[in-house]
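# Chain and residue survey
Each chain, written out:
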Amino acid sequence: MKLPPFQALLDEHRADVYRFLVATVGPSDADDCFQETWISALRAYPTLRRAENLRAWLLRIAQNKSIDAHRARGRRAIPVGTVPERASPSPPDGDPQLWARVRDLPAKQRTAVFCRSVLGMPYAELALLLESSEDAARRNVHEGLKRLKEELSE
Amino acid sequence: MNDIETTLRNAALDLPTDTPDVTARAETEGLLDVAYTSVDSPLGPLVVAATPQGLVRVSYTDFRGEDQVLEELARRVSPRVLEAPARLDTVRRELDEYFEGRRQGFDVPIDWSYLAGFTREVLRATARIGFGEVSTYAGVAADAGSPRAVRAAGNALGANPMPLVVPCHRVLRSGGKLGGYTGGVEKKEFLLHLEGALL
């Protein structure tokens, strides 16, 4: 089993993973999710049996972290009296309204829409990432884009 | 559907790409199996690498590219290889001092665990040759406990994963000939001049 040095993965995929997280969980949670993603990946890395499809593997971990962050945010949304202050301003995310709509999509659709439309990911790779069939991956892209289009034209 | 995809692609161009650091967290979580960095030297850039136990690699990058060195480390030691200069601060300082003529020996711990058998014995014997001194392949073979294994000693030295720190440049051929050096014999000459072993 010949795995590339982990730094090579980090160099090649860090920007895509970070953009994916800023788009799908928002700038305020993206940094934590990014670190969690790479630490989880680093922990599991030596046990990987195949050195193929590493991008799909990394983005699947990132998607799981983003789902955790969405759940945690759901819990935080219960009124607690005070709003926690942020130590530093969050980085910008380009088009806040658009990404907010993406964030409101179901998890598989937001992953599918980002990976297909922004990263140009082939359906076979997207199917691996989503652990679904290629047809299901295609449907997730289609449904997600359709819903975004409807909401943005309202 | 194309217009919404174009909108997404264009918006993504403004997403931040300056990513947070993960190396410090990897170190505190005990997941940084191999840390490496690049160190400048009068003999060109070096790549140096260490496990938590000590140094495992020093390589002249003009001899073997950094990518190849990192792939070897991933295969031989652990695929958890990350660029993390902090762990290499001491060896960097000691190398700087050595090349400036202000240091005669290296104090950084060495991780010998990835070297086995006779190779390890030969390199340990080599590490005992002092600054400004020289030995021979036969001498090192004898110090490693196998006086007749001169050729094997030569092979072990040729595969030295830590040149400079394990000073294989101090091992010459019998009869005063320089012998070979991984990375080029002109480097061997330079180092022996630096140490005053060669006039």
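Cut-off values and rules
Residues numbered from 1 in each chain as written. Chains lettered and ligands numbered in written order. Predicted model: local features only at pLDDT ≥ 70, side-chain atom pairs only at ≥ 80, totals over all residues. Helix = DSSP H or I, 4+ residues; strand = E, 2+ residues; numbered from the N terminus. Rg over C-alpha atoms; globule rule 2.2 N^0.38 Å. Buried ≥ 20, exposed ≤ 12 C-beta atoms within 10 Å, placed from the backbone. Contact = placed C-beta atoms within 7 Å. Nonpolar A, V, L, I, M, F, W, Y, C, P; charged D, E, K, R; others polar. Domains from an automatic or database assignment. Pairing = 2+ DSSP bridges. Axes fitted to C-alpha atoms, helices over the stretch in contact; angles between N-to-C directions. pLDDT = per-residue confidence, 0-100. Arc of directions from axis to C-beta.

So, about the overall build of chain B. What chain B contains, in helices and strands, is eight helices and six strands. Along chain B, from the amino end to the carboxyl end, the secondary structure elements read α-α-β-β-β-α-β-α-α-β-α-α-β-α. For 199 residues, the compact-globule formula gives about 16 Å, and the C-alpha radius of gyration of chain B, at 21 Å, lies well above that figure. Based on the C-alpha atoms only, the size of chain B along its principal axes is roughly 80 × 35 × 30 Å. Considering chain B as a whole, with its 199 residues, one finds that 37% of them fall into the buried category.

So, on to the overall build of chain A. Scanning chain A for helices and strands turns up seven helices and zero strands. Starting at the N terminus and ending at the C terminus, chain A contains elements arranged as α-α-α-α-α-α-α. Across the 154 residues that make up chain A, the buried fraction comes to 44%. Of the contacts formed within chain A by residues at least 6 apart in sequence, a portion of 69% connects residues at least 24 apart.

Turning our eyes to something else, we now look at the interface of chain B and chain A. Tallying the contact residues gives 30 residues for chain B and 33 residues for chain A. Elements that contribute at least two residues to the side of chain B that touches chain A include exactly helix 1 (2-12), helix 2 (23-28), helix 3 (66-76) and strand 4 (81-83) of chain B. The biggest single contributor to the side of chain B that touches chain A is helix 1 of chain B, with seven residues. Counted by class, the side of chain B that touches chain A contains 17 nonpolar, four polar and nine charged residues.

Our next topic: the domain arrangement of chain B. All names here are of chain B. Domain boundaries assigned for chain B yield domain 1 (30-99) and domain 2 (117-194). For domain 1 versus domain 2, the separation of C-alpha centres amounts to 21 Å. Facing the eight residues of domain 1 at the interface are nine residues of domain 2. In terms of residues, the side of domain 1 that touches domain 2 owes the most to one element, strand 3 (residues 55-60), which gives five residues. Split by residue class, the side of domain 1 that touches domain 2 holds seven nonpolar, no polar and one charged.

So, on to the sheet that holds strand 1 (residues 34-39) of chain B. All names here are of chain B. Judged by pairing direction, the sheet is mixed, and its four strands sit side by side in the order 3-2-1-4 without closing on themselves. With partners counted over all chains shown, the strands left at the sheet margins are strand 3 and strand 4, one partner each. Mean inter-strand twist for the sheet, computed between neighbouring axes without regard to direction, equals 25°. The pairing of strand 1 with strand 2 (residues 46-50) spans five bridges and is antiparallel. Bridge assignment links tyrosine 36 to a residue of strand 2, and that residue is alanine 49.

Moving on, we get to the pairing of strand 3 of chain B. Residue and element names in this part refer to chain B. The buried fraction of strand 3 amounts to six of the six residues, a majority that puts the element mostly inside the structure. As paired strands, strand 2 and strand 3 are joined by five bridges and run antiparallel to one another. If you follow leucine 46 over to strand 3, its bridge partner there is tyrosine 60.

Let us look at the environment of serine 113 of chain B. Residue and element names in this part refer to chain B. Turning to its location among the elements, serine 113 is positioned in the loop between helix 4 (89-99) and helix 5 (117-127). Given 12 C-beta atoms within a 10 Å radius, serine 113 is considered exposed. Separated by 59 residues in sequence, serine 113 and glycine 54 have C-alpha atoms that sit 9.7 Å apart.

On to the pairing of strand 1 of chain B, then. The sheet contact formed by strand 1 of chain B and strand 4 of chain B spans three bridges and is parallel. For alanine 35 of chain B, the partnering residue across the bridge sits in strand 4 of chain B and is leucine 82 of chain B.

When pLDDT is averaged across chain A, the result is 89; 88% of the residues are at 70 or more. Here residues 82-89 of chain A is a poorly scored stretch, pLDDT under 50, and it has one contact once near neighbours within four places are set aside; other chains count.

Residues and elements named next belong to chain B. Among the residues of helix 4, Val91, Leu95 and Tyr98 are the ones counted as buried. Taken down its axis, helix 4 places every buried residue within 60° of arc, on the same side. Those residues of helix 4 hidden inside the fold are in contact with strand 1, strand 2 and strand 3. Where helix 4 terminates, the next one or two residues include glycine 101, which has phi positive at roughly 80°.

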